[in-house]
Amino acid sequence: MSVKITGREYPLDTIFDGRLFFSIPLFQRPYAWTTEQAGELLNDFIDSLDSEDEYFLGSIVLIKEDDPLKPEAQVVDGQQRLITLTILFSVLRYRLRELHNEITNDLGKTPNDITRTLETLTKLSNDLTKRIYKEEDVINEKPATYLLTLRRDESFFREYIQNDNDKENEIKKIKQLMELPNTENDSQKNIKDNTKFFYDILKVKSELELKRLIMFMFHKCFVIVVSTPDSDSAFRIFAILNDRGLDLSHADKLKSELIGKVNEPKQQDAAARLWEGMEDHLGRDAFKSLFYHIRMIEHPEKLRLDILKEFRRFVIDPIADPMNVIEEIVKYAKIYDNIRKAEYESSSGAEEININLNWLNEIDNKDWVPPAIFYMSLHKDPRELNRFFTDLERLAAGLMIRRADVNKRIKRYAEVLNTIKSNQNLYEDTSPLQLTQEERNDIIDRLNGDLYLESKFRLYVLLRLNDAFLEEGVKFDYIRVTIEHVLPQTLPGGGKWAEWFSESDHSKYVHKLGNLILLTGPKNHGNDEFKEKQTEYLDKKKYGIISFPLSLQAIKHETEWTKEVIDRRQKDQLDKLKEIWRL
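Residues numbered from 1 in each chain as written. Predicted model: local features only at pLDDT ≥ 70, side-chain atom pairs only at ≥ 80, totals over all residues. Heavy atoms only, no water.

Got a minute to help me understand the overall build of the chain in this structure?
From N to C terminus, the chain includes 26 helices and 10 strands. Considering the chain as a whole, with its 583 residues, one finds that 52% of them fall into the buried category. Excluding contacts between residues fewer than 6 apart, the proportion of contacts in the chain whose partners are at least 24 apart in sequence is 73%. Of the roughly 28,900 Å² of accessible surface on the chain, 47% is carried by carbon and sulfur atoms. (Helix = DSSP H or I, 4+ residues; strand = E, 2+ residues; numbered from the N terminus. Buried < 20%, exposed > 50% of the residue type's maximum accessible area, 1.4 Å probe, protein only. Contact = heavy atoms within 4.5 Å. Areas by Shrake-Rupley, 256 points an atom, 1.4 Å probe, with all protein chains shown as cover.)

Sorry, what's going on with the nonpolar core here?
Across soluble globular proteins, nonpolar side chains show a tendency to be buried alongside one another. Judged by nonpolar contacts, the single largest core of 89 residues is most densely connected at Trp 275, Leu 290, Ile 329, Phe 388, Phe 389, Leu 447 and Trp 581. Ignoring any residue separated from it by four or fewer positions in sequence, one finds Leu 447 in contact with Ile 401, Val 461, Leu 513, Gln 570, Leu 574, Leu 577, Trp 581 and Leu 583. By size, the runner-up hydrophobic cluster in this structure holds 63 residues, among which are Leu 12, Leu 49, Leu 62 and Ile 174. (Core = buried A, V, L, I, M, F, W, Y, C linked by side-chain atoms within 4.5 Å.)

Sorry, what's going on with helix H3 (residues 79–104) here?
Because each turn of an α-helix spans 3.6 residues, side chains separated by three or four positions in sequence point in the same direction. A rise of 1.5 Å per residue sets the reference length of H3, with its 26 residues, at 38 Å; its end C-alpha atoms lie 38 Å apart and thus fit the reference within 8%. For H3, the buried fraction is high: 22 of the 26 residues fall into the buried class. (Expected span 1.5 Å × (residues − 1).)

Which parts of the structure should I look at to understand the packing of aromatic side chains?
Where two aromatic rings form a pair, the distance of their centres and the angle of their planes describe that pair. Throughout the structure, instances matching the rule amount to 21 aromatic pairs. Between Phe 45 and Tyr 55, the aromatic rings sit 5.5 Å apart at their centres with planes inclined by 75°, giving edge-to-face as the arrangement. Residue Phe 45 is located in helix H2 (residues 35–47), and its partner Tyr 55 is located in strand E3 (residues 55–63); the two are separated by 10 residues in the primary sequence. Neither Phe 45 nor Tyr 55 differs from the other in exposure class; each is buried. Ring-pair connections join several aromatic residues into one group, and the members of that group are Trp 497, Trp 500, Phe 501, Tyr 509, Phe 530 and Trp 561. We note Lys 331 situated over the ring of Tyr 332; from NZ or CZ to the ring centre the distance is 4.6 Å. Lys 421 extends its terminal NZ or CZ atom over the ring of Phe 374, reaching a point 5.8 Å from the ring centre. (Phe/Tyr/Trp six-rings, centres within 6.5 Å; stacked < 30°, edge-to-face > 60°. Lys NZ or Arg CZ within 6 Å of the ring centre and 35° of its normal.)

Sorry, what's going on with the confidence of the model for the chain here?
In this model, the chain carries an average pLDDT of 84, and 87% of its residues clear a pLDDT of 70 or more. pLDDT under 50 marks residues 243–247. Its contacts with residues more than four places away, or in other chains, come to five contacts. (pLDDT = per-residue confidence, 0-100.)

How do you make sense of helix H14 (residues 322–341) when you look at a structure like this?
Taking 1.5 Å as the rise per residue, H14 with 20 residues should run 28 Å; its terminal C-alpha atoms sit 28 Å apart, in good agreement. Buried residues of H14: Pro 322, Met 323, Val 325, Ile 326, Ile 329, Val 330, Tyr 332, Ala 333, Ile 335, Tyr 336, Asp 337 and Ile 339, and no others. Against the buried residues of H14 lie helix H10 (250–260), helix H11 (265–282), helix H12 (284–298), helix H13 (307–319), helix H15 (350–361) and helix H16 (369–378). Two or three places before Met 323, at the start of H14, stands the capping residue Asp 321, its side-chain oxygen 3.0 Å from that residue's backbone nitrogen. Positive backbone phi, approximately 55°, marks Ala 342, located one or two places after H14. (Polar contact = N/O pair within 3.5 Å; in protein donor to acceptor, adjacent residues only side chain to side chain.)

Explain the side chain of Glu 310 here, please?
Assignment of secondary structure puts Glu 310 in helix H13. Exposure remark for Glu 310: the relative accessible area of 4% places this residue in the buried category.

Hey, could you run me through a negative patch on the surface in this one?
A cluster of acidic residues, Glu 9, Glu 52, Asp 53 and Glu 54, forms a negative patch on the protein surface. Looking at the element boundaries, Glu 52 is found in the loop between H2 and E3. (Patch = residues over 30% accessible without salt bridge, like charges linked within 9 Å, V, L, I, M, F, W, Y side chains within 5 Å. Salt bridge = Lys/Arg side-chain N within 4 Å of Asp/Glu carboxyl O. Lys, Arg positive; Asp, Glu negative; His and termini not counted. Charge placed at Lys NZ, Arg CZ, Asp CG, Glu CD.)

Is there a simple way to think about the environment of Leu 148 in this case?
For Leu 148, the location among the structural elements is in strand E7 (residues 148–149). Those residues within four positions of Leu 148 in sequence are excluded, and the remaining contacts are Phe 22, Ile 24, Leu 82, Ile 83, Thr 86, Phe 157 and Gln 162.

Help me out: how do you make sense of the pairing of strand E4 (residues 72–77) in this one?
On any regular strand, side chains alternate: one points to one face of the sheet, the next to the other face. Here three bridges tie strand E2 (residues 21–23) to E4, and the two strands are oriented parallel to one another. By the bridge assignment for E4, Phe 21 is matched with Glu 72. As judged from the three bridges shared by E3 and E4, these two strands associate in the antiparallel manner. Of the residues in E4, the one forming a bridge with Val 61 is Asp 77. (Pairing = 2+ DSSP bridges.)

Explain the pattern of salt bridges here, please?
Opposite charge on two side chains permits them to pair, given that their charged atoms come into close proximity. By the definition in use, this model includes 31 salt bridges. Linking Glu 310 and Arg 295 is a salt bridge whose minimum nitrogen-to-oxygen distance equals 2.9 Å. One end of the pair, Glu 310, is in helix H13; the other, Arg 295, is in helix H12, and 15 residues separate them in sequence. Residue Lys 331 pairs with Glu 328 through a salt bridge whose shortest N-O separation is 3.5 Å. Of this pair, Lys 331 and Glu 328 both sit in helix H14, separated by three residues, roughly a single helical turn. Each of the salt bridges in this network shares a partner with another, and the network as a whole consists of Arg 402, Arg 412, Glu 439, Asp 442 and Arg 446.

What is the right way to read the packing of H13 against H14 from this model?
In helix packing, the relevant descriptors are the interaxial angle and the interaxial distance, both defined with respect to the helix axes. Contact pair H13 / H14: the axes reach a minimum separation of 8 Å and the direction vectors enclose 115°. Once H13 is placed against H14, the crossing between them reads as right-handed. Here Phe 311, Ile 316 and Ile 319 of H13 come into contact with H14, specifically with Asn 324, Val 325, Glu 328 and Ile 329. Its residues placed into classes, the contact of H13 with H14 shows five nonpolar, one polar and one charged. (Axes fitted to C-alpha atoms, helices over the stretch in contact; angles between N-to-C directions. Left-handed = near helix turned anticlockwise from the far one by under 90°. Nonpolar A, V, L, I, M, F, W, Y, C, P; charged D, E, K, R; others polar.)

How should unusual backbone geometry be read in this particular structure?
A positive phi is found at Ala 342, a non-glycine position, where the angle reads about 55°. Inspection of the secondary structure puts Ala 342 in the loop between H14 and H15. The buried category is assigned to Ala 342, whose relative accessible area is 11%.

When you look at the environment of His 506 in this model, what are you seeing that I'm missing?
For His 506, the position within the fold is in helix H22 (residues 503–509). Look at His 506 and you get buried, because its relative accessible area is 7%. When the C-alpha atoms of His 506 and Lys 563 are compared, they prove to be 9.1 Å apart, with 57 residues separating the residues in sequence. What His 506 contacts, discounting residues up to four positions off in sequence, is Leu 487, Pro 488, Gln 489, Thr 490, Leu 491 and Phe 501. Within the structure, the side chain of His 506 is placed 2.7 Å from the backbone oxygen of Pro 488, a separation counted as a polar contact.

So this is what it looks like as structure tokens:
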């Protein structure tokens, strides 16, 4: 049976004349337009005032019964514009009432001029109210109804933007909104910021300019309304429109697809709350990344097509049921959150696991995340988890030090995933989780080379090494860490440095691990003599050297800084790294 789909162009005045009551379903993302998008909309209106052409605002997609007596419509696409327009109507209404109060006290106008102007302002502000909510109908026993109903931040939106129970109070509310010191979430912040942004532009406009803007908006601005009584059709239209370039992330599109396929309204609400809860908890960027990690778990190969197509093919289609897909995403989201925050919890062994997770999060890529999530989803024993994450950090650090490119990393982690899936031994020498002898030799060579020149991993290596020398239970949070050469990068002429090092010796030793120390303060004591550096760096408040056992040992206990000292430190620290990573 064919489903009726209608599409027609309407002026903005028809969209907001009370024939349609828009509701934002729970599956929609929160209000996300910032002053950039809101400003573009208002400036487009203002710039188009002198044009003979009509202004096209785009399209909105609705789920609506094919019955003119039932005005309720769910907004599948277009909520950002509808909310922004309602904010603009409210700010215009507020500014008109402000002008009303200002003109009442203007002695420069004649009484007749004042009366006419005040009547115009009152009519315009009242008519704007009719575009925000429909007043109570006593005869038909219908209460006042808002033309736009948000699901998230509904009470906030009504209190500060839509309500008009008391005109004086309405003016106070808008002022209170613009002066709010804090809001509960990003959506409320965007509502507040856009309100103030609109007001700052409109407050310099005269009553005639405001009237002209209002008349242009409602009579020369048009929207295409696409509606269907069938939710599947609405989501299909939504997907087509957004695949052609509207600014939605793959997470937003998948959300609309999955929740749109849930049949029961109560289940839809539950699914939307689940989805939005994990999105809020992870944060929007991390949430978007989660879909790449899940796709990798389900299909351990490099992404060949776009993430939407591959997520549908390898995750959604095999599971089939949309609620089961959402529950699977939620399961992985919780694990991912524990991993990225290093907040694994257990009655025993949690600290060791979280130490490894902290180090993994410092790796310069996130390709290790899918096997981490998948393994944690299968295993609950802290001992097994600690063993796995110890070796995963070893592998991730090794690949980083060897500068393995993205293709090699993805292939290696895919092999780890497949080994986990096939329940093979992860800890035998031939396992992809383990470093080969060739890889270990290469890592040693790189650590033994000019470490300072390896900008991608030098700090990781030095912090990892320093951590191994800290007393058990001691942990420092470093706001700023700098790497200092003890033997200066430029060999001074004369003094002890020239006595201890020739030009060729300097080139050989200057960037070596054994010549580097960590500090928390400013560096570049450059060509100072070693004794001067000792005195300066031992200023604990300035350089935080107590946080770094190896730095403290070098600066406090060495009496001179010769080739022999660097050779000894090089060997000791390399031996420690071999121990840490079993090289």
